[in-house]
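Architecture at a glance
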Amino acid sequence: TMVLVDASASMAFPADTFAQWELAASGALCLASIAHGDGDPAGVAIVGGGGIRALPPRTRRGTVANVLQLLLETVPGGSQPLAPVLSTQKSSRRVAIVSDFLGDAEALLEGARRLVAGGCSVYAVHVVASEELDPRGQGDVVSDPEDSALKRPLDSAALAEYHAAFTAWRTRLAAGWRAAGVSYVLANTGEPPERVVRRVVAPSAAIAAS
């Protein structure tokens, strides 16, 4: 089992709490821990935050602690693509992708299709901040999470347009992953990581809940 974690700049949202990254890191650690506890070699690849940091899948004692250390040492940043790292996972039996999918989503989906075709089970954990679902508490002007220089007014008309566009994008994204044979789960920062992980490891329940 390999857990691919997005540590790009957009995961450092909101800026005052990093709640998106905290949920992603906690969820990734839980998934690696469950796989390792089942006797499956478990590893992690963290993409962003200054490069790629990876721990190959292992069964030995201390593996989960090593994964935790890598996650604790990571500060989200940059915009490094995940798809090239996913393409190196052809020997993995299971791959979980933990991301906000604001980067190379199309290339990532294509890579997941190839893995599924090769017999790999792929899980997409889509991390979304509560503030993205309801940005009204962010003030009258909002900034792009990956480029703070891009600012947009958030009046009632803009808010309605945002909600419609964001909902449509999430719907398309979920449909694309599921059509590729991937188990897709939406993870909201308003829920605890253990609840997210329960839905990931129980795909039928995850589909119903999303």
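These numbers come from a predicted model, not from an experiment.

With respect to the packing of helix α1 (residues 19–37) against helix α2 (residues 63–72)
Each pair of packed helices can be described by the angle between their axes along with the distance between the axes. Look at α1 against α2: their axes get within 9 Å of each other, and the N-to-C directions meet at 165°. Between α1 and α2, the angle falls in the class roughly antiparallel. Regarding α1 and α2, the two cross each other, and that crossing is right-handed. Contacts from W21, A25, L29, A32, S33 and H36 in α1 reach T63, V64, V67, L68 and L71 in α2. When its residues are assigned to classes, the contact of α1 with α2 shows eight nonpolar, three polar and no charged.

Side note on the packing of α1 against helix α7 (residues 193–201)
Contact pair α1 / α7: the axes reach a minimum separation of 9 Å and the direction vectors enclose 50°. With respect to α7, the element α1 is oriented oblique. Where α1 crosses over α7, the two elements pack in a sense that is right-handed. Each of L23, S26, G27, C30, L31 and I34 in α1 lies in contact with α7, whose residues at this interface are P193, V196, V197, V200 and V201. Residue classes in the contact of α1 with α7 are distributed as nine nonpolar, two polar and no charged.

A word on the sheet that holds strand β2 (residues 42–48)
Taking strand neighbours across the sheet as the criterion, the six strands line up as β3-β2-β1-β4-β5-β8 in an open arrangement whose pairing is mixed. Taken across any chain shown, the strands that pair with only one partner, and hence form the sheet edges, are β3 (52–58) and β8 (183–188). Averaged over all pairs of adjacent strands, the angle between their axes in this sheet comes to 15°, without regard to strand direction. As defined by bridge partners, strand β1 (residues 2–7) adjoins β2 across six bridges and the pair is classed as parallel. Bridge pairing in β2 places V3 opposite V44. Contacting β1, β2, β3, β4 (94–99), β5 (121–128) and β8, α1 crosses the sheet at an angle of about 170° to β1. Seen against the sheet, α7 touches β5 and β8 and runs at an angle of roughly 170° to β8.

Digging into the side chain of E132
Note that E132 resides in helix α5 (residues 130–133). Here E132 sits buried without a salt bridge, and the closest side chain of opposite charge, R170, lies 8.4 Å off (N-O distance). Excluding residues that lie within four positions of it along the chain, E132 makes contacts with F13, Q20, Y162 and F166.

Some remarks on the pattern of salt bridges
With the rule as written, the count across this model stands at six salt bridges. Between R93 and D40 there is a salt bridge whose closest N-O contact spans 3.5 Å. On the criterion of sequence distance, the pair formed by R93 in the loop between α3 (83–86) and β4 and D40 in the loop between α1 and β2 is long-range, its members being 53 residues apart. Note that E110 is salt-bridged to R114, the shortest N-O span being 3.7 Å. Linking E110 with R114, this pair stays in helix α4 (residues 105–117), spanning four residues, or about one helical turn. Judged by its relative accessible area of 51%, R114 falls in the exposed class.

With respect to the nonpolar core
Residues V3, W21, V44 and I46 are the most contacted members of the largest nonpolar core, which totals 27 residues. Considering each element in turn, this core owes the most residues, seven residues, to α1. Setting aside residues no more than four positions away along its own chain, V3 makes contact with A28, L31, A32, G43, V44, A45, A96 and V98.

Examining the confidence of the model for the protein chain
Here the protein chain shows a mean pLDDT of 88. Residues at 70 or above account for 86%. Mean pLDDT values over the elements of the protein chain span from 42, in helix α8 (residues 203–209), up to 98, in β1. For residues 204–210, every residue scores under 50 in pLDDT, and the model assigns this stretch eleven contacts once sequence neighbours within four places are set aside.

The rules we used
- Residues numbered from 1 in each chain as written.
- Predicted model: local features only at pLDDT ≥ 70, side-chain atom pairs only at ≥ 80, totals over all residues.
- Heavy atoms only, no water.
- Axes fitted to C-alpha atoms, helices over the stretch in contact; angles between N-to-C directions.
- Helix = DSSP H or I, 4+ residues; strand = E, 2+ residues; numbered from the N terminus.
- Parallel < 35°, antiparallel > 145°, perpendicular 65-115°, else oblique.
- Left-handed = near helix turned anticlockwise from the far one by under 90°.
- Contact = heavy atoms within 4.5 Å.
- Nonpolar A, V, L, I, M, F, W, Y, C, P; charged D, E, K, R; others polar.
- Pairing = 2+ DSSP bridges.
- Buried < 20%, exposed > 50% of the residue type's maximum accessible area, 1.4 Å probe, protein only.
- Lys, Arg positive; Asp, Glu negative; His and termini not counted.
- Salt bridge = Lys/Arg side-chain N within 4 Å of Asp/Glu carboxyl O.
- Core = buried A, V, L, I, M, F, W, Y, C linked by side-chain atoms within 4.5 Å.
- pLDDT = per-residue confidence, 0-100.

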